[in-house]
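# Notes for the structure review
Take a look at the letters that make up each chain.
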Protein chains: 2
Amino acid sequence: MPPRAVAGPEIERLIQLLGKLPGLGPRSARRAALALVKRRESLMEPLSAALTRAVETVRVCSECGNVDSRDPCTICTDATRDASLIIVVEDVSDLWALERAGAVSARYHVLGGTLSALDGIGPSDLNIESLIRRASDPAVKEVIIAVNATVDGQTTAHYLTEQLAACHVAVSRLAHGVPVGGELDYLDEGTLTAAIRQRRPF
Amino acid sequence: MPPRAVAGPEIERLIQLLGKLPGLGPRSARRAALALVKRRESLMEPLSAALTRAVETVRVCSECGNVDSRDPCTICTDATRDASLIIVVEDVSDLWALERAGAVSARYHVLGGTLSALDGIGPSDLNIESLIRRASDPAVKEVIIAVNATVDGQTTAHYLTEQLAACHVAVSRLAHGVPVGGELDYLDEGTLTAAIRQRRPF
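Residues numbered from 1 in each chain as written. Chains lettered and ligands numbered in written order. Predicted model: local features only at pLDDT ≥ 70, side-chain atom pairs only at ≥ 80, totals over all residues. Heavy atoms only, no water.

Okay, the overall build of chain A next. The helix and strand inventory of chain A stands at seven helices and six strands. Helices (α) and strands (β) of chain A occur, in sequence order from the N terminus, as α-α-α-β-β-β-α-β-α-β-α-β-α. In terms of overall dimensions, chain A has a C-alpha envelope of 60 × 45 × 35 Å along the principal axes. Within the span of chain A, comprising 202 residues, buried residues form 43% of the whole. For chain A, the proportion of contacts with a sequence separation of at least 24, taken over those separated by at least 6, is 48%. Summed over its atoms, the accessible surface of chain A is roughly 11,200 Å², and 54% of this surface lies on carbon and sulfur atoms. Both charge centroids of chain A, one from 22 positive and one from 25 negative side chains, sit 7 Å from each other. (Helix = DSSP H or I, 4+ residues; strand = E, 2+ residues; numbered from the N terminus. Buried < 20%, exposed > 50% of the residue type's maximum accessible area, 1.4 Å probe, protein only. Contact = heavy atoms within 4.5 Å. Areas by Shrake-Rupley, 256 points an atom, 1.4 Å probe, with all protein chains shown as cover. Lys, Arg positive; Asp, Glu negative; His and termini not counted. Charge placed at Lys NZ, Arg CZ, Asp CG, Glu CD.)

Listed below in structure tokens is the structure:
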């Protein structure tokens, strides 16, 4: 038996689109749609307005690849940030994670992914050319390659290091080690080996 | 350290509202917002249009409590359905579940919850009065009380049975037993006891 449309076409369309969001399957999309319909004034109308506004305003920053309602984005135009430091990330979500940590006040460069032989993603598919251009600016002194500690991420990091060699910038990467609050018993051998090898004096 | 706003106000607002949907926490709301921004044409614009359309059209059926773009809803106005049978459910999601099963072509009545002494929900907070009115129509022969098999659900079922006694309709409830495809080893004692007591001849 094919699945029956259980609600009007407007609600079915809403369920179908909500189900395309990451983390929402068909079942949770139905729950979300129902929550929207039930909370019309407190949720459906504001979300509708927020989406309309986002469609109108949100752009990708032509300088760093961040998403914002301004181009260049708020971070790129923020004069209080250290203009000599660029942090290279795979994705905007990584940029957000570093900004939430608030550890450093630098600029970013979003690659838009990693090199991947399996997925057929080569250097020309990533924002590498614009990174080299930005890193060639004499004002830039250091590039931190903050890609994920995955195989593809590390391959990308090595490629970037080679490409950046001609730019006369210091190239660094994030430290490996025990996560703060982490228990040794639950960590993998690679992380523990890295933490021992890169031990720091007390 | 208070959490920093990591993106423009339009995206922050979107994240905040998406986080109010059931099943989405702050982290998955950020992922969903990012997916929307990245898939502007295939996802953000259609979802924005679908929400605007839903805000404009979706109403609660004044007859049965279903949600639809018509009032009375498509189910209430469907002349091919058995008008002598009303299935009483707690919530629209239960109505959808029964429609997906497609086991019966009847009309519904959505209570909007269950009686609950703990939550202070009494008969006047549920759509019981309109159910009695509908069940008093001589065309209605049977009411199936399809509430959840929870304590509050069963309390509500007993209350409804008493109220419907004056309506000259047959009142029935869903069968208890082993779920189709279920393994006995994983079932609770209450379900197994019910399945044994209400056993059926082969």
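Okay, back to it.
Turning chain B through 180 degrees and shifting it by 0.0 Å along the axis lays it on chain A, with an RMSD of 0.1 Å. Taken together, the rotation angle and the small translation identify this as a two-fold axis. Within chain B, Ser 48 of chain B has its C-alpha nearest the rotation axis, a separation of 3.0 Å. The share of interface residues of chain B whose copies in chain A are also at the interface is 100%, consistent with both copies meeting through the same surface. (Least-squares fit on C-alpha atoms with pLDDT ≥ 70 in both.)

Here helix H3 (residues 40-57) of chain A is 18 residues long and its end C-alpha atoms lie 24 Å apart, about the 26 Å a rise of 1.5 Å per residue gives. Taken together, the buried positions of H3 of chain A are Leu 43, Met 44, Pro 46, Leu 47, Ser 48, Ala 50, Leu 51, Ala 54, Val 55 and Thr 57 of chain A. On its buried face, H3 of chain A is in contact with helix H2 (26-38), strand S1 (59-60) and strand S2 (67-68) of chain A together with helix H1 (9-18), helix H2 (26-38) and helix H3 (40-57) of chain B. (Expected span 1.5 Å × (residues − 1).)

What follows covers the side chain of Ser 48 of chain A. Position of Ser 48 of chain A among the secondary structure elements: in helix H3. Ser 48 of chain A sits in the buried class, given a relative accessible area of 7%. Among residues more than four places away in sequence, those in contact with Ser 48 of chain A are Leu 51, Thr 52 and Val 55 of chain B.

On to the nonpolar core. The nonpolar side chains of soluble globular proteins are, as a tendency, buried together. Counting 78 residues, the largest nonpolar core has Leu 18 of chain A together with Leu 18 of chain B as the members making the most contacts within it. Leaving out residues up to four positions away in the same chain, Leu 18 of chain A has contacts with Leu 24, Ala 29, Ala 32, Ala 33 and Leu 36 of chain A together with Leu 47 of chain B. Residues Leu 115, Leu 126, Val 143 and Ala 157 of chain B belong to the second largest nonpolar core, which totals 18 residues. (Core = buried A, V, L, I, M, F, W, Y, C linked by side-chain atoms within 4.5 Å.)

What follows is about the interface of chain B and chain A. Of the residues lining the interface, 56 residues belong to chain B; the matching set on chain A comes to 57 residues. Of the roughly 5,400 Å² buried between chain B and chain A on both sides combined, carbon and sulfur atoms contribute 67%. If you look at where chain B meets chain A, you find four salt bridges. Its salt-bridge partner being Asp 91 of chain B, residue Lys 38 of chain A comes within 2.5 Å of it at the nearest N-O pair. The interface formed by chain B and chain A contains ten residue pairs in polar contact (both at pLDDT 80 or more). At the level of elements, H1, H2, H3, strand S2 (67-68) and helix H4 (92-101) of chain B are the ones that each hand at least two residues to the side of chain B that touches chain A. Looking at the side of chain B that touches chain A, the element that brings in the most residues is H3 of chain B, giving 15 residues. Among the residues making up the side of chain B that touches chain A, the classes are represented as 31 nonpolar, eight polar and 17 charged. (Buried area = accessible area lost by both parts, 1.4 Å probe. Salt bridge = Lys/Arg side-chain N within 4 Å of Asp/Glu carboxyl O. Polar contact = N/O pair within 3.5 Å; in protein donor to acceptor, adjacent residues only side chain to side chain. Nonpolar A, V, L, I, M, F, W, Y, C, P; charged D, E, K, R; others polar.)

Turning to the domain arrangement of chain A, a few remarks are in order. Segmentation of chain A into domains returns domain 1 (9-57) and domain 2 (80-173). Distance between the C-alpha centres of domain 1 of chain A and domain 2 of chain A: 34 Å. (Domains from an automatic or database assignment.)

Another aspect to go through is the sheet that holds strand S5 (residues 142-145) of chain B. Residues and elements named next belong to chain B. Strand order in the open sheet formed by four strands is S4-S3-S5-S6, and the pairing between neighbours is parallel. The open sheet is flanked by strand S4 (106-110) and strand S6 (170-173), the only strands paired with a single partner. Shown here is a sheet whose adjacent strand axes are inclined to one another by a mean of 25 degrees, direction ignored. Packing against the sheet, helix H5 (residues 128-135) makes contact with strand S3 (82-89), S4 and S5, and its axis sits at approximately 155 degrees to S4. Those strands touched by helix H6 (residues 151-164) are S3, S5 and S6, and its axis lies near 165 degrees from that of S5. (Pairing = 2+ DSSP bridges. Axes fitted to C-alpha atoms, helices over the stretch in contact; angles between N-to-C directions.)

Before going further, it helps to spend a moment on the packing of H2 of chain A against H3 of chain A. All names here are of chain A. Relative orientation of the contacting elements H2 and H3 amounts to 110 degrees, with a least axis distance of 6 Å. In this view, H2 runs roughly perpendicular relative to H3, as classed from their interaxial angle. Of the residues in H3, those touching H2 at Leu 36, Val 37 and Lys 38 are Arg 40, Leu 43, Met 44 and Leu 47. Split by residue class, the contact of H2 with H3 holds five nonpolar, no polar and two charged. (Parallel < 35°, antiparallel > 145°, perpendicular 65-115°, else oblique.)

Two faces, one strand: in a regular strand the side chains alternate between the faces of the sheet. Residue and element names in this part refer to chain B. The pairing of S3 with S4 spans five bridges and is classified as parallel. Within S4, the position partnered with Ile 87 by the bridge is Tyr 108. One crossover worth recording links S3 to the parallel S4 by way of H4, and it is right-handed. (Right-handed = clockwise from strand over helix to strand, strands pointing away.)

Another point: the sheet that holds strand S3 (residues 82-89) of chain A. Residues and elements named next belong to chain A. In spatial order, the strands read S4-S3-S5-S6; together these four strands make up an open sheet with parallel pairing. Of all the strands in the sheet, just strand S4 (106-110) and strand S6 (170-173) have a single pairing partner and so form its edges. Between one strand axis and the next, the sheet turns by 25 degrees as a mean value, whatever way the strands run. Two strands pair when backbone bridges link them, and strand S5 (residues 142-145) and S6 are joined in this way by four bridges, in the parallel orientation. Note on S6: the bridge partner recorded for Ile 144 is Ser 172. Lying over the sheet, helix H4 (residues 92-101) contacts S3 and S4, oriented at roughly 160 degrees with respect to S4. Contacting S3, S4 and S5, helix H5 (residues 128-135) crosses the sheet at an angle of about 155 degrees to S4.

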